[in-house]
Structures are given as C-alpha cells and as structure tokens.
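Architecture at a glance
If you want the building blocks of each chain, they are given just below.
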Amino acid sequence: MTERSDRVSREVASSHGPASWRADWTCGSASDPRLLRSFKGHDAPVVAVATAVVDGRPVVVSASRDSTVCVWDLATGERLHTLTAAPADSMSSLSPELVALAAVVVDGQPLVLTCHIDGTARLWDPATGCSAGELALGLAQLVLDGRHVVLAVQSDRTLGVWDRATGGRLGVFPWMVDIGVLDGREVVVTCPPDHRAQVWDLATGREVGECLPAEGPWTLEGRDIAVTEEEGRAGRVWDLDRHVLLAAGLRELLADAEYEHAVSALAGVDTVSTLTVVDGRVVVLDTHYEGPPELVGDLVPMFIPYGPSPTLTLEGRGVALAVGVDVDHTLRFWELPTRPMDTTGPDGSRRIRGIPLETTAGKELIKSKSDPGDLVDLSSLLSARTNGLLVAESSWEIQVRDASRSLVLGDTPVSLVPGPDGTVTPLHTLDRSPAGSALTGHTDRVWAIDSAPAGPRTLAVTTSRDRTVRVWDLATGEQEGEPLTGHTGQVWDVATTVVDGRPVAVTAGEDHTVRTWDLTAARGDGSRLRAGHTEAVLAVATAVFDGVTAGADHTVRTWDLTTGSRISDPLSAEVSAMTTAVVGGHPVVVTATPDATLHIAELATGRAVHRPFPSGHGRVLAIASETLDGLPVALTAGSDRVVGVWDLTTGQPLVAPLTGHSSRVTAVATAVLDGRPVAVTGSWDKTVRLWDLATGRQLGEPLTGHTDWVTAVATATLGGAPIAISKGRDRVIRLWNLSTGQQISDAQAAESGSGNTLAVSATADGRLVAALGDDRTVRFRDLTAGCPAGTDHLLPFPVHSLAAAPGGHFAVGFGCEVGVLSSTS
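Just so you know, these numbers come straight off a predicted model, no measurement behind them. (Residues numbered from 1 in each chain as written. Predicted model: local features only at pLDDT ≥ 70, side-chain atom pairs only at ≥ 80, totals over all residues. Heavy atoms only, no water.)

1. What about the sheet that holds strand E57 (residues 676-683)?
The 4 strands lie next to each other as E56-E57-E58-E59, forming an open sheet whose pairing is antiparallel. Strand pairing shows two members of the sheet lacking a second neighbour, strand E56 (665-673) and strand E59 (697-698), which therefore form its edges. As defined by bridge partners, strand E58 (residues 688-692) adjoins E59 across 2 bridges and the pair is classed as antiparallel. Counted as the bridge partner of Asp-692 is Arg-697 from E59. (Pairing = 2+ DSSP bridges. Helix = DSSP H or I, 4+ residues; strand = E, 2+ residues; numbered from the N terminus.)

2. A short note on the pairing of strand E45 (residues 547-551)
With 5 of 5 residues buried, E45 lies mostly within the body of the structure. Of the two faces of E45, both are covered, the one formed by Gly-547, Thr-549 and Gly-551 as well as the one formed by Val-548 and Ala-550. Here strand E44 (residues 537-542) pairs with E45 via 5 bridges, running antiparallel. By the bridge assignment, Val-537 is partnered in E45 with Gly-551. Hairpin remark: E45 followed by strand E46 (residues 555-559), antiparallel, with 3 residues in the connecting loop; positive phi at His-554, about 70 degrees. (Buried < 20%, exposed > 50% of the residue type's maximum accessible area, 1.4 Å probe, protein only.)

3. Structural notes on the pattern of salt bridges
Taken as a whole, this structure holds 27 salt bridges when the rule is applied. The partner of Arg-185 in a salt bridge is Asp-145, with the nearest N and O atoms 3.3 Å apart. Taken together, the residues Arg-185 in strand E16 (residues 185-190) and Asp-145 in the loop between strand E11 (130-144) and strand E12 (147-153) connect sequence positions 40 residues apart. Residues joined by salt bridges that share partners form a network here, namely Asp-183, Asp-279, Arg-281 and Asp-298. (Salt bridge = Lys/Arg side-chain N within 4 Å of Asp/Glu carboxyl O.)

4. With respect to the confidence of the model for the protein
Fine structural detail should not be taken from predicted coordinates in areas where pLDDT scores are low. With 87% of its residues at a pLDDT of 70 or more, the protein has an overall mean of 83. By mean pLDDT, the top-scoring element of the protein is E58 (96), and the lowest-scoring one is strand E1 (residues 7-8) (34). A low-confidence stretch, residues 1-18 stays under pLDDT 50, and its non-local contacts, those more than four residues away or across chains, total 66 contacts. Overall, residues 372-376 carries pLDDT values under 50, and its contacts beyond four positions in sequence, including any with other chains, amount to 17 contacts. (pLDDT = per-residue confidence, 0-100. Contact = heavy atoms within 4.5 Å.)

5. Notes on unusual backbone geometry
In this structure, Pro-217 follows Gly-216 across a cis peptide bond, with omega equal to -5 degrees. Structurally, Pro-217 is set in strand E18 (residues 210-220). The residue Asp-55 is not glycine, and still its phi comes out positive at about 50 degrees. One can find Asp-55 in the loop between strand E4 (46-54) and strand E5 (57-64). When its relative accessible area of 75% is taken as the criterion, Asp-55 is described as exposed. One non-glycine residue, Ala-596, lies in the positive phi region at around 70 degrees.

6. Considering the environment of Pro-110
Mapped onto the elements, Pro-110 comes out in strand E9 (residues 109-116). Contact partners of Pro-110, with chain neighbours within four places excluded, come to Val-53, Val-54, Val-104, Val-105, Asp-125 and Pro-126.

7. Regarding the side chain of Asp-466
Relative to the assigned elements, Asp-466 resides in the loop between strand E38 (457-464) and strand E39 (469-473). Although Asp-466 is buried, it forms no salt bridge, and the closest oppositely charged side chain is Arg-470 at an N-O distance of 4.2 Å. Among the polar contacts listed, one links the side chain of Asp-466 to the side chain of His-442, at a separation of 3.2 Å. Polar contacts involving the side chain of Asp-466 include one to the side chain of Thr-468, which spans 2.7 Å. Residues within four places of Asp-466 in sequence aside, it is in contact with His-442, Thr-443 and Asp-444. (Lys, Arg positive; Asp, Glu negative; His and termini not counted. Polar contact = N/O pair within 3.5 Å; in protein donor to acceptor, adjacent residues only side chain to side chain.)

8. Observations concerning the environment of Asp-518
Within the secondary structure, Asp-518 is located in strand E43 (residues 513-518). For Asp-518, a relative accessible area of 7% gives the class buried. With 12 residues separating them in the primary sequence, Asp-518 and Val-506 have C-alpha atoms 9.3 Å apart. In this structure Asp-518 touches Arg-34, Leu-36, Arg-502 and Pro-503, once residues within four positions along its chain are discounted. Within the structure, the side chain of Asp-518 is placed 2.7 Å from the side chain of Arg-502, a separation counted as a polar contact.

9. Side note on the sheet that holds E38
Taken in spatial order, the 4 strands of this open sheet run E37-E38-E39-E40, and their pairing is antiparallel. Here the strands that pair on one side only, and so sit at the sheet edges, are strand E37 (446-454) and strand E40 (478-479). Pairing between E38 and E39: 5 bridges, direction antiparallel. Within E39, the position partnered with Leu-459 by the bridge is Asp-473.

10. What about the packing of aromatic side chains?
Evaluation of the coordinates by the stated rule reveals 8 aromatic pairs. Relative to Phe-810, the ring of Phe-780 has its centre 6.0 Å away and its plane inclined at 50 degrees; by these criteria the two rings are tilted. Remark: Phe-810 occurs in strand E70 (residues 809-814) and Phe-780 occurs in strand E66 (residues 777-782); sequence separation between them is 30 residues. On the basis of relative accessibility, which here comes to 4%, the residue Phe-780 falls in the buried class. In textbook terms, an aromatic cluster arises when at least three aromatic residues are bridged by ring pairs, as seen for Trp-21, Phe-780 and Phe-810. Taking the ring centre of Trp-684 as reference, the NZ or CZ of Arg-664 above it sits at 4.5 Å. Positioned above the aromatic ring of Trp-709, the side-chain terminus of Arg-729 is 3.8 Å from the ring centre. (Phe/Tyr/Trp six-rings, centres within 6.5 Å; stacked < 30°, edge-to-face > 60°. Lys NZ or Arg CZ within 6 Å of the ring centre and 35° of its normal.)

11. Thoughts on empty space enclosed by the protein
Scanning the entire structure with this criterion turns up 2 cavities of 30 Å³ or more. In this structure, the largest cavity spans a volume of roughly 60 Å³. Forming the walls of the largest cavity are 14 residues, and the residues nearest its centre are Trp-25, Thr-549, Leu-561, Ala-811 and Gly-819. When residues of the lining of the largest cavity are traced back to their parent elements, those giving at least two are E44, E45, E70 and strand E71 (817-823). Residues that form the lining of the largest cavity fall into these classes: 10 nonpolar, 4 polar and no charged. (1 Å grid on protein atoms, 1.4 Å probe; cavity = no way out; pocket = protein on both sides within 12 Å on 5 of 7 lines; lining within 4 Å. Points joined across faces, edges and corners; volume = space filled by probe spheres on them. Nonpolar A, V, L, I, M, F, W, Y, C, P; charged D, E, K, R; others polar.)

Right, here's the structure in full:
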C-alpha cells in the first residue's frame, strides 16, 4: 500500500514548539561538493564578474543588467556595497549598458573598473563602495596662452582642460558637443538639456557671443532666413546661407517692393530654436530636433586626428587618463599593461603604475598604436580576458566579440581561442600555431574563459551558450569531472582567484546569482553529486517504494527518500500531473500528459501496466489515488470542471464523472469519512466540495469561505476527526471538519505561488504540519496549534511542487532539483 502524498492517517492530539528544518539531501547544485556559495541580491541577470583583494580579504565584484555593481565578501557571502554602475543620461533618461568589468591595482590600491557601451569607464573603491573617478577620453593636447594643456571628456560629457605640468583642472565645460576654432581662438560649444547652445573660450572660460531665440527657417527668393526676437528691438533677420545679418527687422525687409509678394512664403516649418551670434555673424545653429547644434560660418570644427580614445601612447608606453574625484579633480597618467598576458597578481587583478607628471613634460600624447582604442580592447587589456558578451559598435550594427584568454604557460605566451563549434584551442600568441590539445565538450559557442593555477597545473574555466560551466587541465586538454551545476539559466561570465592557496571560480548567471566554486574539490565516489532533472520539476509524489518526481525535461525519476540515490532509470514521459498507487501488488506511477491521456507504469521496471487511455478532460490539472472496495482508483481533476474516477486495473471509468463545480477543478485529495472513501476537490469557483466515491454524489453543501481560486487541498486526521486543508489565491489557509462541513480555523499565509505547493505530514513528535511553497521558500505551519511550525527553509530556486513523505518529511521540487526536508527536533 502506498503512503499517501495528500493524506495523513496518523492521529494527532498535541503540538510542540517551533523547530528548524533542514535538507536531508538534494540533487543537482546543492549536492555538488565544488559549490562553495551562492550570492543573491541582483534583480536582473548578472553579466560580468571580477575578483580583487581588499584589506587582505578576497572580494567578488559583480555587474548586472539592473544597472548595479555589487561587492561581496568571498568568504562570508556578505554583500559589502551596492553601487550604481552608471547614472542615467539626463537627455535620454537611460543608463549606458555595462559591457565589461575589471579589477586593477594602481600603485598598491585596489580599484574596480566598469566599462560601458557609451565608451566611458568608471572607477570604484571596493573598500568603501564609493566612486574613485573615471578614465577620461583623451581628445587633444594644445598650447593655450602659453600653457601646455590636455583636453579630455568625461562620461557626463563634461570637457576638462588640464594643465599638463600640474595635473590641475584649468577649465570645465559641461555638456560639450564640439570643439572649434573662431578667429584663431580655440572654443568649445556646449548644449545643456534645455538645448540652449553656448560658445566658450577654452583659454579664458568666458562665453563668446550671445545665444538668441530664433524662428525659421523661411525661404525668401530662394534664400533661407531665420528671425531672432530680442527684448527692446525688432526681430533681426539672418541669412542662413551666408551666416550674416540680412536686415534689422522683418518689417524693414518686407517693406522692400521686390519682397512684397513673398509674405506668404513665411509659413515654413518652425525648426530653428536658437542662433549663437558673435560680432554680427552666426556661428552656431541649433534646432528643435534632438541632434547636436551645427557649427557654421567662421566657427571651424577642430580636427582631432585620432578621435577620442580611452588609451593613449606616451613615448611608446600605453597610458590612460585617470580623473580623480578629489576637490581639484587632478588628472593622472596610468601606465597600462603592454600586452594582455602580462603577469597578474594572485587575486587576478592587473598591476598598473602611475606615471609622475614631471616625466610627461614635453612628451607627445597620441592615440595608442598597439590598441585600436575602443572600449572593448581597453577592458581586455586590463583583465587579460574578454567576455563573449562584450560588444563594440561598428557603423550601423552591433558586433559581438568572441571570448578569449591570454596567459603564460611556463615561459610561453598562449591564447585560448574558441571556435564556432564550442571547442577552445590553445595557440602560441606570436605565430598562432597550436600550443596544446583542443578543449572539446561544449556543444555551442563559448561565452567566457578564464584560467587559474592549481599547484603545478594550470586550469581553464569556460562558460558556453550550451548553459554549462566546464573545468579543463590545460596540460592534457582533459575535462576535470562533470560540468559545474547550479545556475538555472545562461552563465554569462567567469573569473578566477586564489583563496587560501586553492583556485576558486566565480560565475555570473542569468538566474540573477553569483556562484563560487572550489576548482580542486574531489568528487570521491560520486555519491554526493546526484544528477537529476535538467528542467523544472513540476510534480512530486511519494510511495513506499521510493519518491517520484516528474520534470519539464519529459522524464519521471525515482529516488530513495533516505539516501537520495536514484533507484531506477528515468521514464520518458511529458507530465502535467502525477500520483502513485499499487496495481497488482506493484508500486506504480500514474501520469497525465498535456493531452489529458493517462499512463500507468511500474516504478521498479518502467514497464507499462496497460495501454494509455484518454481521460476526456481538456487538461488534467490535479490527480490523486485511493482504494475503493479493494480496487486501486485514480481521480483526475480537469479544466472541463469535472472529476473522473478510474479503475487502474482496467483503465475504465468506475463511476460517472463528478459534476458540480462551475469552473475548472484545480485540486483533489482523498480521505475516509465514516468508513467510506471520499474525495475533496478545490476549484476556481472558490469552493471546496466533498464527494462519495462509491456513488459519485456530492456530500452536503459546498464549503465556502475563500474569496479567490482554491489552488490546493490536502486531508488529514486531527483530534479523531477527518479534516481538509485548503489553500486559496486569497492567501488564506482554511481547515474544515469533513464530518460537519464546518470551518475549524483559517490563517493568513504569504503568497504561495502557483500549482499544488501544499503538503501535510505528521511529524515524529506528533505534530500535524503543513508545508507551503512561497517562491524560493518553504514555510511550515503547525495545524494543531495554529502557529508557524519552525523557521522557513530557503532554497536556491522557486518551489514548484511539494509532497508529504513518511516520518514527517517533505519531498520538494525546486527549480530543476529535488530534495527531502525534515525537522531538526
């Protein structure tokens, strides 16, 4: 006889105090001995990770599509800081997407560098979580009034003018849109969010000319004109072709006889918003459109031969311009690694040296010749690896870069280069010849690669679009054990570090988590790693034989509830609902497929008891089993508002369908009332109903009280009376006396998610406990005392299914994994 997953026959007369709950065993990620810790806190996929050492302790830095960067203590899992990766642009209200992350050590100070799609790179202090400045885009170096200056633009489009000799900032011009030359003087055009363009002298910082509101353009005799309105004078008319004053006023212009017929032409579209005028000449034209102002007339755009660049060259050395956040906004020069495989520290950070300002005097700064200067290559240079997600804008399309990793094996520079088929090939960096065995195992494109020392060996860690994370011995090209399991979605990035002499990998997931792994942990005999479902577990049931789970991966698996070992080979089945029973003396599993067909198979052998048969429901939403006059029967609750009762030995209906619900039936359980087997059902019609299985008739009036759909029911015996427990979408749990049809009690519950995430079990200490799934948490309630039955149990993935197990245990399906929970008291 099976142990009912929806009925508890134990008599309960007393209750005890709260207890804690633990996982006796789980399959998948929680049983992988290499999983050290999971960090949760991001509200969107994590796309990049890096590692660093702060005050002697290793930290993990993670970047997410929720526009935040988090700093975590790697040892404790504590979130130390949450940073806003990039403020929103005031014009577009959008934050630039973060595409890369790197940890650097500058003159002994650890810093975090975030690189963004708009070409900017920001600096953060991981010890405080505060901004440490940014890398500015170098524009040009000039001589202004005898001073050698450097022009660089920051992420908020602020142009800074820095004294090359002192590093001090001489001028600051927010909202820079262009630089030009006017009458031999260098000027900058700015345009704040209100679209009022201004022209400034770079050397003095003073505004040049005046910006006037304008209307136009209009056409008169083939000539484009605009009119500016100024207080105290008539609107002046400007020739937009020659950029000069045409008339002191529109009336004066139209008074000329040859223009009288042209008055009707002044009905053009109003697109010009302002004109900037210097000494009677138009030099900047701005419109109501979102485009930048146009430099016209005598204002000539300054030619910047190499364009803005985050990396420059100073006497053959690659440098970056670092702008601090101190009071005087000092400009600093950083000497960058000369090649990606330069030695990194044990924490994976790149060592960068500051260049004294006096050594840069008189030296020419040009765009880096060894680096094309785009954002992606800057991050690659600093991290010695590229993530396949990194993108660079080229012309009108976004190009995705291939992942790669540069390192030194022995004394040989080597690059790990992925191929389109998922392989990764070690190549000599200089001549691109093979440098070892190809890493084969991934079935799709590799997203990210990193490497770590492990004693005399060097390990590589790869993530792929096939959703796996794999570890490789680069000396042999062999994979180290099975893939790292745990993430429930794509793994976007990986970084490595060394903790207490052990190599550790850090992975970033689509599932909003960051996970850390011990790369040298042995698998032993494999008993701790229980491979299971590869998709969400949709149903759980228990039997004397073992536990049974059904997943979205179209398999049914059987587990030993005590050890967690798998008993038999998986059964191939697409399951929408499931229960267990005994047919012909053999434990069987009864499954309903999405087309409402019922299948019966022996748990031990997987052999079909007889041919599948249709239930007649549009879809089976819930299923239970019972013994009626010695016959094993199954009850199916359908979307067609009826409940079917089936003889499992023949596959035929035992009684007429149970009808009465006015909406789909979402839950079914069984009990014994006055010696008669009965069914308890719950429905979207907000009622719970009781049925005599022998006759198919409804017993009494519907049990009412829920104010929203009834999503789950279970049965038990409490104080000698059979009871039903129902859970509704109204977040209320109600207890019913089945003998009287009266409600015993109700309790407010947290949002319980969807599906039959309710199970009731009698614990070893005599308590009747209900377990309810609430997103990633299982909550417990003492039904006897009407209070919580111990602490909540947090799981790494959402709870989709629950079932009672013998001895007061609960079988739980969470994400693509299963486990057994028990009370610690």
